[in-house]
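Listed below are the residues making up each chain.
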Amino acid sequence: MISWQAPPARPALLPHQVHVWRVSLQRPPLPADMLWGVLDKAERQRAQRYRFERDRRRFVAARGMLRVILARYAGIAPAAIHFDYSDHGKPSLSDFPELAFNASDSGDLMALGVALNRLLGVDIERVRDDFGGLEIAERFFSPAEIASLRSLPPQARPRAFFRCWTRKEAFIKAIGEGLSYPLHQFEVTLKPDEPARLLRVVGEPDAARRWFLTDFPVHPDYEGAVIAEAPVADMAYFSWGIGD
Ligand SMILES: CC(C)(COP(=O)(O)OP(=O)(O)OC[C@H]1O[C@@H](n2cnc3c(N)ncnc32)[C@H](O)[C@@H]1OP(=O)(O)O)[C@@H](O)C(=O)NCCC(=O)NCCS
């Protein structure tokens, strides 16, 4: 059982620790004009390209809060954060190369993982009964994952589908290659009674030992997964603007 803590002003990140944050995008904990004020020119242009006000506000909240939280680790002002992007679009901080992070948003929530000197990936998804299921699993999941999903009673499948999806997505986000990475070439657990685990990666015999994977209960209607290069000795969870 995890407990969500209040957001620290100066988060202390230990070498083998992973921090997970959750933030409301519907009611961001800081004023919209303050969050807009910390964005750079490219981010403001991206915000302005959204056709719908709701999407624009959501993007400004997510990107602004990402800057505010990362700035607390870096010890600088949120507007002074400079993102670099890999060829596949994964953001990083070249001014603070030791600070690993990855963000994910779905519905009204954003989650952010932060750790030191290791690859890290995070994914959250709102569980939808009308989406997912065997048809999509058969396109994206490995044969063993599809068999696991099939073995579950139909009412357990939507959650198991999103459990698998978030674990797989967290892994490809940690690697940073996006959807160019073949999704059926690695396997995660998905049954409700199995612990979260990366089971195997084709061509990487040590992968199960190399990666630490865990779920986090971002919200009852969501699945959330974080994966980081091992060893991970400790997790800490911070909640900002949700139930506080
Ligand atoms: C871009 C991608 C990395 C994640 O997309 P997503 O799940 O829709 O979005 P998330 O909210 O989880 O993550 C987006 C954030 O991840 C980060 N990101 C972007 N590219 C990334 C990459 N290549 N690797 C890791 N993180 C990346 C950014 O911070 C991005 O935020 P932004 O859009 O505000 O800039 C990519 O994997 C994708 O398009 N996935 C589509 C979903 C899919 O088909 N999944 C199959 C799983 S079985």
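About the criteria used
Residues numbered from 1 in each chain as written. Predicted model: local features only at pLDDT ≥ 70, side-chain atom pairs only at ≥ 80, totals over all residues. Helix = DSSP H or I, 4+ residues; strand = E, 2+ residues; numbered from the N terminus. Buried ≥ 20, exposed ≤ 12 C-beta atoms within 10 Å, placed from the backbone. Contact = placed C-beta atoms within 7 Å. Arc of directions from axis to C-beta. Near = placed C-beta within 6 Å. Pairing = 2+ DSSP bridges. Core = buried A, V, L, I, M, F, W, Y, C linked by C-beta atoms within 7 Å. Axes fitted to C-alpha atoms, helices over the stretch in contact; angles between N-to-C directions.

Caption draft 1: Quick look at the overall build of the protein chain. A tally of regular secondary structure across the protein chain gives seven helices and twelve strands. Dimensions of the protein chain, computed from the C-alpha atoms along their principal axes, are close to 50 × 40 × 35 Å. Taking all 244 residues of the protein chain together, the buried fraction comes to 36%. Across the protein chain, every contact between residues at least 6 apart in sequence was considered, and the portion connecting residues at least 24 apart equals 61%.

Caption draft 2: Quick peek at helix H5 (residues 143–150). Listed in full, the buried residues belonging to H5 are Glu145, Ser148 and Leu149. Take H5 and look down its axis: the buried residues cluster within an arc of 100 degrees, on one side only. Turned more than 90 degrees away from the buried face of H5, the exposed residues are Pro143, Ala147 and Arg150. Residues of H5 that are buried in the fold lie against helix H4 (134–140), helix H6 (157–175) and strand S8 (186–188).

Caption draft 3: Structural view of the site of the ligand. Residues in close proximity to the ligand total 21 residues, the closest being His88, Gly89, Lys90, Ser104 and Lys173. Every element with two or more residues in the shell around the ligand is listed here: helix H3 (53–74), strand S5 (99–106) and H6. The greatest single-element share of the shell around the ligand, amounting to five residues, is contributed by H6.

Caption draft 4: Seen up close, unusual backbone geometry. The omega angle of the peptide bond from Ala230 to Pro231 is 0 degrees, so this bond is cis rather than trans. Relative to the assigned elements, Pro231 resides in the loop between strand S11 (222–229) and strand S12 (234–240). Positive phi is not limited to glycine here, since Asn117 has a value of about 55 degrees. Inspection of the secondary structure puts Asn117 in the loop between strand S6 (109–116) and strand S7 (120–126).

Caption draft 5: Main features of the environment of Trp211. For Trp211, the position within the fold is in strand S10 (residues 211–215). Between the alpha carbons of Trp211 and Val114 there is a distance of 15 Å; along the sequence they are 97 residues apart. Leaving out residues up to four positions away in the same chain, Trp211 has contacts with Leu198, Ile227, Glu229 and Ala230.

Caption draft 6: Spotlight on the sheet that holds S12. One open sheet accounts for five strands, arranged S1-S12-S2-S6-S5; its pairing is mixed. Two strands close off the open sheet at either side, each with one partner strand: strand S1 (4–5) and S5. For strand S2 (residues 17–24) and S12, the ladder comprises seven bridges, and the chain directions are parallel. Residue pairing for S12: Val23 is matched across the bridge by Trp240.

Caption draft 7: Inspection of the nonpolar core at higher detail. Among the nonpolar cores identified, the biggest contains 57 residues, and Met65, Met110, Ala111, Leu112, Cys164, Val226 and Ile227 are the most heavily contacted of them. The leading source of residues in this core is H3, at ten residues. Discounting residues that sit within four places of it in the chain, Met65 has contacts with Val23, Pro28, Leu35 and Met110.

Caption draft 8: How the structure looks around the pairing of S2. Among the eight residues of S2, six are classified as buried, and the element is accordingly described as predominantly covered. Pairing of S2 with S6 involves seven bridges; the strand directions are antiparallel. What sits directly across from Val23, in S6, is Met110.

Caption draft 9: Expanded view of the environment of Leu93. Structurally, Leu93 is set in the loop between strand S4 (91–92) and S5. As a C-alpha pair, Leu93 and Pro15 span 78 residues in sequence and 18 Å in three-dimensional space. Each residue touching Leu93, except ones within four places of it in the same chain, is listed here: Leu70, Ile81, Phe83 and Leu99.

Caption draft 10: Examining the sheet that holds S10 more closely. With antiparallel pairing, the three strands of this open sheet are ordered in space as S7-S11-S10. Either end of the sheet is taken by a strand with one partner, and the two such strands are S7 and S10. Strand-to-strand twist in this sheet, taken as the mean axis angle between neighbours without regard to direction, amounts to 10 degrees. Sheet topology places S10 next to S11; five bridges connect them, and they run antiparallel. In the strand pairing of S11, Leu213 is matched with Ile227. Sheet contacts for H6: S7, S10 and S11; angle to S7, the most-contacted strand, approximately 150 degrees.

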